[in-house]
Each structure stands twice: as C-alpha cells, then as structure tokens.
Amino acid sequence: MSKPAMQLVNLKKTIGNKPIIKGLDFEIRAGEVFGFLGPNGAGKTTTIRMMVGLIDITEGDVLIEGKSIKTDFKGAIQHVGAIVENPEMYPFLSGWKNLKQYARMVEGVTDERIKEVVSLVGLEKAIHEKAGRYSLGMRQRLGIAQALLHGPSILILDEPTNGLDPSGIREIRKYIRNLAEKENVAVIVSSHLLTEIELMCDRIGVIKNGELIAIEEVKTAENKEGLKEVYIEVEPMETAKAYLDTHLDNEIGVGGKELSMSVKREEIPHILKSLMEQGISIYGVRVLQATLEDKFFDLIGENTIE
Amino acid sequence: MSNFMNLIWNEQIKLYAKKGTWVMFAVLLALALGGGLITKFFGTESDFKEYGDDWQTELQAENEELTAEMENDEFAGFVNEMVIAENNYHLENNIKPLPYDGWEYVLENSFLTSVISLFTIIVAAGIISNEFKWDTIKLLLIRPISRSKILLSKYVSVLIFAFTLLVFLLASSWIVGAILFGLNGLNPMVVQDMMPGYVQNDVLGEIVKSYGFGLVTLVMMATFAFMISAIFRSSGMAIGLAIFLMMAGNAIVAFLSQYEWSKYILFANTNLKQYMNGMEPPIPGMSLTFSIIVLAVYFVIFMAAAWAAFTKRDVAGN
C-alpha cells in the first residue's frame, strides 16, 4: 500500500487535567475521501485543529506526507488546504481580494489559478462583491476555493456542505469525489450529516469522547449480516401475523397497517408467496436499507458529552 | 523576503479597506486646516508683523508701547513681558525678526503627534485581535508561514501606518502653512522660548527634534497596545488601557515621584525632551542614557510578551 497522506500517531490533547482527545491512531490515504464522524463535543474540531497546527499537540504527532506538524510546521502544512469550522472571510474585502490575501502567502499561485478555482466552485458572478454580503453557501464555496488555491494533496473540510442548498451539496460532493479520484487528493470531511458522509466517503472513522470507536469502509458498512428490515402492508393483519409467527423464526412487529421483520433478501419472495397462498391481501412491501445512520447510533449510543 | 513583503502588503490592504482608516486621515487634515485657519484669523498680530530695514527702532518703539500698556493694565503683564523679552533677544543678538510662516506652523503642529499616537494605538490594538474577532485567524495561521513572521509583519505594518500618518501630517501642515502664511525661505531660522531663555535654531532641525520626541511615546504606546492585543485578543481592552495610560502617564509619575523607584516607570522616561537644553531631570538619578535603557527594556518586554502570546497559545474555538 502507498504511503499514507496523513497519519495520526497516538494523538492526544489534554486541556487542564481533562483529556479531550485520548490517543487517536489512524491514517488517511491519498485518493480517498475519509469521513470523520462524531456527535457534537466528541473532539472532531479539536482533532482537526491539531492536524493543521492551530492548537498544540499534548502527546503523539500528526504526520503529513511524512512530515511532523510539530517539528516541521511549514513542510507539513504546505500540503494542506483546510476549512476549520465556518470559513470566515474578511467581510470588507471582495471574494477575489480575500483569495488574493491567501495567494500572496504561498509561492506560485497566479491570477489564472485563482480564476480556475473560482470557476470550479462556481463563484464567478459574485467574486467581486464584498464577502460580507455573501450567503453562508457562498462563503462555504469561497472557503473551499481558498483551501484549493495552492493545489494541496490533503484537503480538510469541516462541515463542508453546511449552508449549501441541495444542488450545491451535490455539486460539492461531485467535486470532492473528483478531486480524490482524478487528482489523488486525500480528503478529510468532518460532518454530522450522516447521509452526506455515506454518499461522499470511502471510509469513515467514528469518534466519541475523544476516542476512535470505529473505522470502516462505507461499502461494507451496509448490510454486514445481510439482514434487511422489511415492511409489508397486509389485510387481515391478525391472520398474517399469526401465520408468520408460526412459520418464521424472526420476530414480527406490528406498526399501523404494516408488519415488520428482519429477514435475508432471498427470503422475501418466499414470505410474500406463502402469505398470498393463505389468501392474505398484500398492499405494499418496502425494504429499509440498513443506513449508516443506524450504524452510527448503534456505535455511539446516546449523544452524551462527558 | 518577498514573502515577508507580501505579508505586509496584505496587512496594508486590510487596513485601507476599512473606512475608519480613512477617517483618521480626514481628521488629521481637518486639524491641520482648522489649526491654520484659527492661527491666521485669531493669532497675535505681532507674530505676523513684517519688519522693515529699520527693524531695531521698530522693536524699541514696540517695547516702549508695551511697557506703557503694562502700567495702565496689570493684566497685560504676562503676555507683554514675553513679547518684550523676545524683542530684546532679537535686539541683543542682532537677529531681524521674521514673520510667522509655514515652517513655524509645521513646528507648532508637532503636538498633533499625540493624535497620531492615538490612531496608531487603535490600529495596533486591532491588528491581531480583529483576526480573532472575524475568526479569520484560523485561515491566516494555516499557511506555510511561521507565526513569528506573521506577528512581525503585523508589527511592521503598524509602524508603517504610523509613519504614513506622520508624513501625511507633515505634508498637510506644510501645505496649509505655506498657503496661509507663506514661507521664509527653504530652511529659515526660528527663535524659540526654551525654558532658560530664547534660542535661535534652524527650523528643519527643530521640526525633526520635536516630531522625533513625539514618536518615542507613539512607538512605546503602540507596542504596548500591540502586546495587549496579542495577549487578550481584544481590541477594546488594548485601546482602553493604552489610551488611559498615555493620558494618565504623567499624573501617575507625578503621584509616585516621591518614591525612588518611580524613575523606572515607563512614562517617566517617554518624554526625552526633558533632557534637552540642560534642564534638570524630573527625578534625581535620571539621564538621557538612563531613559533610553529603560525604554529599550520595556520595548523588549512588550515584544517578548506579544510574541509568546501569539506563537505559543492555542487558537481554539469559541
């Protein structure tokens, strides 16, 4: 496997006597979109702030392209583009002048490059307006633009779809996928919008109370045991339930006009067929995917902040 | 290095993009203009008087007139005595009095350096804390540039701003003065009342000196405000503290002057003018060298504290 783009090594943060981050160990590979998931107060933003050197690392290290953010800040950070929490811009400067500010701070970002990035995030029309007049969505786009200016190999986006409308979200998602797949950029996306993470990411790491409690591939995250939640609208209800109770091992739930059960995909036709043979009318069948959301709540339990 | 120039360029752009900065220039211009108009229309007549070839006789006649006036009107005494003393200085040293001119106006306006100090304090107080207020500090510090360099670029920007204000004040005073009062040549001599008596000097030297002394307070207080801004990340506190101390500084020193250690107070040392013309130091044991050393120590402490606060501390969320 190729060298990881970013590596967290036993990363710890203690504020006062209170451990905030309790030893994170994971890596992000080039060309993947990594979802950083966790409830509020779990330590996502603290971790991101340590990744970009905004706050001190109590113990452990963050290695970016092999360089330590602690001992070689410039060498490490030059590979990173980031939004940390809300992308705040200078409200009295235009979008363009905001980008120029950041362009001047690194070598070799030309006006052509700025234009390219501006059109990438679809901000051409408003780029010469004052950033103070931008909507949250526009600021978000400008934030992404500033993170991309210098062509980083690692992109860290904290809640990137915050404030975007659905079409904007789809655009950004497509763009992030594109960056990872075509330009081999490692993208770290933190979010609590679970469906977003699910659609965008290759892998997710779940953090709770400063600890990584799970890290898995998104594709295998669904249907691990192959069980699906199936809802069948039937009449008469009692006959159907009584029949299924005697013929299936699974537990049968009743909700409204529907019966619910967890079964394997291949069992579904058999169940329906036998119900019809019993003279039971079936008005509808729906299959619920086991979503990341369920997974997420399974993993973290309640949203408690210690 | 070009990198550093870019940082300073960035700071200047941010500074001049704000209306408040332009208001500062407008206020200075208004003060230079207003002061000129007041001097022109309400100034003492004798100041503008042009003397002929027979100026000695004219001065003597003037002195007699003033002495006579003093006998009739006891309240005229103070001003008249000063004019007589000045006239006598001219007579004794055979210096023909020149009318008030634009150069002298520039020299008189050196007291406006305290207004420049005020504006510089406001800018110094905001240049770090505003980044925290706007929350732009996060995006500023995740560039491949060390925090020390960013801090230094901000400090240098403050000094450049102060210098720009100073040049602007000099230029506008000079233009206003030249238009309203004319100029007595390129570098005329001026006669000034220095506490032990009257002295004649060339005006450019005097302008450099009096503005230069004003700059000492300016730099020290701006550095102080810069430090407070870096430590507390709040511009209100930095402005308030710095302006309060600047205003109350002399009173604090006077209040504590009975103690021997009061000579180590910053404000006892910011006025270097006190060592000119053989004046006695306000507190025994002080000298020009002493004050410069004390100022240097304060300066280093301010900068070190600002640096430690800016480079070492976490930039955490709200």
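Residues numbered from 1 in each chain as written. Chains lettered and ligands numbered in written order. Predicted model: local features only at pLDDT ≥ 70, side-chain atom pairs only at ≥ 80, totals over all residues.

A. Looking closely at the overall build of chain B. Across its full length, chain B carries 13 helices and 2 strands. If one aligns the C-alpha atoms of chain B with their principal axes, the spans along those axes are about 75 × 45 × 35 Å. A fraction of 76% describes how many contacts in chain B between residues 6 or more apart in sequence connect residues 24 or more apart. (Helix = DSSP H or I, 4+ residues; strand = E, 2+ residues; numbered from the N terminus. Contact = placed C-beta atoms within 7 Å.)

B. Local environment of the domain arrangement of chain B. For chain B, the domain assignment lists domain 1 (2-40 + 100-312) and domain 2 (50-96). Here domain 1 of chain B and domain 2 of chain B have C-alpha centroids that lie 38 Å from each other. (Domains from an automatic or database assignment.)

C. Local environment of the sheet that holds strand β2 (residues 18-28) of chain A. All names here are of chain A. Spatial strand order, β2-β1-β4-β5: 4 strands in an open sheet with antiparallel pairing. For this open sheet the edge positions go to β2 and β5 (67-68), each flanked by a neighbour on one side alone. For strand β1 (residues 6-15) and strand β4 (residues 59-64), the ladder comprises 5 bridges, and the chain directions are antiparallel. Considered in β4, the bridge of Q7 is made with L63. Here helix α1 (residues 44-51) sits on the sheet and contacts β1, β2 and β4; the angle it forms with β2, its principal contact strand, is near 65°. (Pairing = 2+ DSSP bridges. Axes fitted to C-alpha atoms, helices over the stretch in contact; angles between N-to-C directions.)

D. How the structure looks around the domain arrangement of chain A. Split by domain assignment, chain A resolves into domain 1 (6-221) and domain 2 (227-290). Relative placement of domain 1 of chain A and domain 2 of chain A: their C-alpha centres are 45 Å apart.

E. Representation of the sheet that holds strand β9 (residues 203-208) of chain A. Residue and element names in this part refer to chain A. Spatially, 6 strands are ordered β6-β7-β8-β3-β9-β10 in an open sheet, and the strand pairing comes out mixed. Only two strands of the sheet have a single partner each, and these edge strands are β6 (80-83) and β10 (211-217). Each adjacent strand pair in this sheet contributes to an overall mean axis angle of 15°, direction not counted. Summarising the sheet, strand β7 (residues 154-158) and strand β8 (residues 186-191) pair through 5 bridges and their orientation is parallel. Following the sheet pairing, L157 is matched in β8 by V189. Sheet strands in contact with helix α5 (residues 136-148) are β6 and β7, and its direction is about 165° off that of β6.

F. Examining the pairing of β2(A) more closely. Residues and elements named next belong to chain A. As paired elements, β1 and β2 share 8 bridges and run antiparallel to each other. Note that in β2 the partner of L11 across the bridge is L24. Joining the antiparallel neighbours β1 and β2 is a turn of 2 residues, in which G16 adopts a positive phi near 65°.

G. Summary view of the environment of A:H247. Checked against the element boundaries, A:H247 lands in helix α9 (residues 237-247). A residue is classified by how many C-beta atoms lie within 10 Å of it, and A:H247, with 12 of them, is exposed. (Buried ≥ 20, exposed ≤ 12 C-beta atoms within 10 Å, placed from the backbone.)

H. Local environment of the pairing of β7(A). Residue and element names in this part refer to chain A. Burial analysis of β7 places 5 of its 5 residues in the buried class, which makes it a mostly covered element. Residue alternation in β7 divides its side chains into two sets, I154, I156 and D158 and L155 and L157, and both sets are buried. Two strands pair when backbone bridges link them, and β6 and β7 are joined in this way by 4 bridges, in the parallel orientation. Its bridge partner lying in β7, A82 is registered against I156. You can see the chain leave β7, run along helix α6 (residues 166-183) and come back into β8, and the turn it takes is right-handed. (Right-handed = clockwise from strand over helix to strand, strands pointing away.)

I. The arrangement of the interface of chain B and chain A in detail. Contacts between the two partners involve 22 residues from chain B, matched on the other side by 29 residues from chain A. Within the residue set of the side of chain B that touches chain A, elements represented by two or more residues are α1 (2-16) and α8 (137-141) of chain B. Of the residues belonging to the side of chain B that touches chain A, the class tally is 11 nonpolar, 5 polar and 6 charged. (Nonpolar A, V, L, I, M, F, W, Y, C, P; charged D, E, K, R; others polar.)

J. Seen up close, the environment of A:V121. All names here are of chain A. Along the chain, the position of V121 falls in the loop between α4 (111-120) and α5. Along the backbone, V121 and C201 are 80 residues apart, and their C-alpha atoms lie at a distance of 19 Å. In contact with V121, other than residues within four places in its own chain, are R141, I144 and A145.

K. Inspection of the confidence of the model for chain A at higher detail. Residues and elements named next belong to chain A. Averaged over every residue, the pLDDT of chain A is 86; residues scoring 70 or more account for 91%. In the model of chain A, helix α8 (residues 218-221) stands out as the element of lowest mean pLDDT, 56, in contrast to helix α3 (residues 95-103), which has the highest, 96. Note on residues 220-224: pLDDT under 50 across the span, and 6 contacts to partners over four residues away in sequence or across chains. (pLDDT = per-residue confidence, 0-100.)

L. Fine view of the nonpolar core. Counting 122 residues, the largest nonpolar core has A:V52, A:A145, A:I156, A:V187, B:A225 and B:A242 as its most contacted members. Element by element, the count of residues in this core is highest for helix α10 (residues 203-232) of chain B, at 10 residues. Residue contacts for A:A145: discarding those within four places in its chain leaves A:L99, A:V117, A:V118, A:V121 and A:L123. By size, the runner-up hydrophobic cluster in this structure holds 10 residues, among which are B:W103, B:V106, B:V190 and B:I207. (Core = buried A, V, L, I, M, F, W, Y, C linked by C-beta atoms within 7 Å.)

M. Focus on the confidence of the model for chain B. Residues and elements named next belong to chain B. When the pLDDT values of chain B are averaged, the result is 88; 96% of them are 70 or greater. Per-element confidence in chain B ranges from a low mean pLDDT of 71 for helix α3 (residues 45-48) to a high of 96 for helix α9 (residues 147-181). Overall fold confidence for the complex sits at a pTM of 0.84, while the interface term, ipTM, reaches 0.85.

N. Quick peek at α3(A). Within α3(A), 7 of the 9 residues are buried, leaving the element largely enclosed by the surrounding structure. Those residues of α3(A) not exposed but buried are A:G95, A:W96, A:N98, A:L99, A:Q101, A:Y102 and A:A103.

O. Spotlight on the packing of helix α7 (residues 113-134) of chain B against helix α11 (residues 235-256) of chain B. Residues and elements named next belong to chain B. Where α7 contacts α11, the axes come no closer than 8 Å and their chain directions differ by 155°. It follows that α7 is roughly antiparallel to α11 by the angle criterion. Relative to α11, the crossing made by α7 is right-handed. Facing α7, whose interface residues are S117, L118, I121, I122, A125, G126, S129 and N130, α11 presents S235, A238, I239, A242, I243 and M246. Residue composition of the contact of α7 with α11, by class: 9 nonpolar, 5 polar and no charged. (Parallel < 35°, antiparallel > 145°, perpendicular 65-115°, else oblique. Left-handed = near helix turned anticlockwise from the far one by under 90°.)

P. Up close: the environment of B:A30. All names here are of chain B. Positionally, A30 belongs in helix α2 (residues 19-42). Judged by C-beta crowding, with 11 C-beta atoms within 10 Å, A30 ranks as exposed. With 142 residues separating them in the primary sequence, A30 and S172 have C-alpha atoms 9.4 Å apart.

Q. Here's a closer look at unusual backbone geometry. All names here are of chain A. A cis geometry characterises the amide bond from E235 onward to P236, with omega recorded as 0°. Along the chain, P236 turns up in the loop between β11 (227-235) and α9. In the Ramachandran plot, N209 falls in the positive-phi region, its phi being about 50° despite a non-glycine side chain. For N209, the position within the fold is in the loop between β9 and β10. The exposure class of N209 is partly exposed, given the 18 C-beta atoms found within 10 Å.

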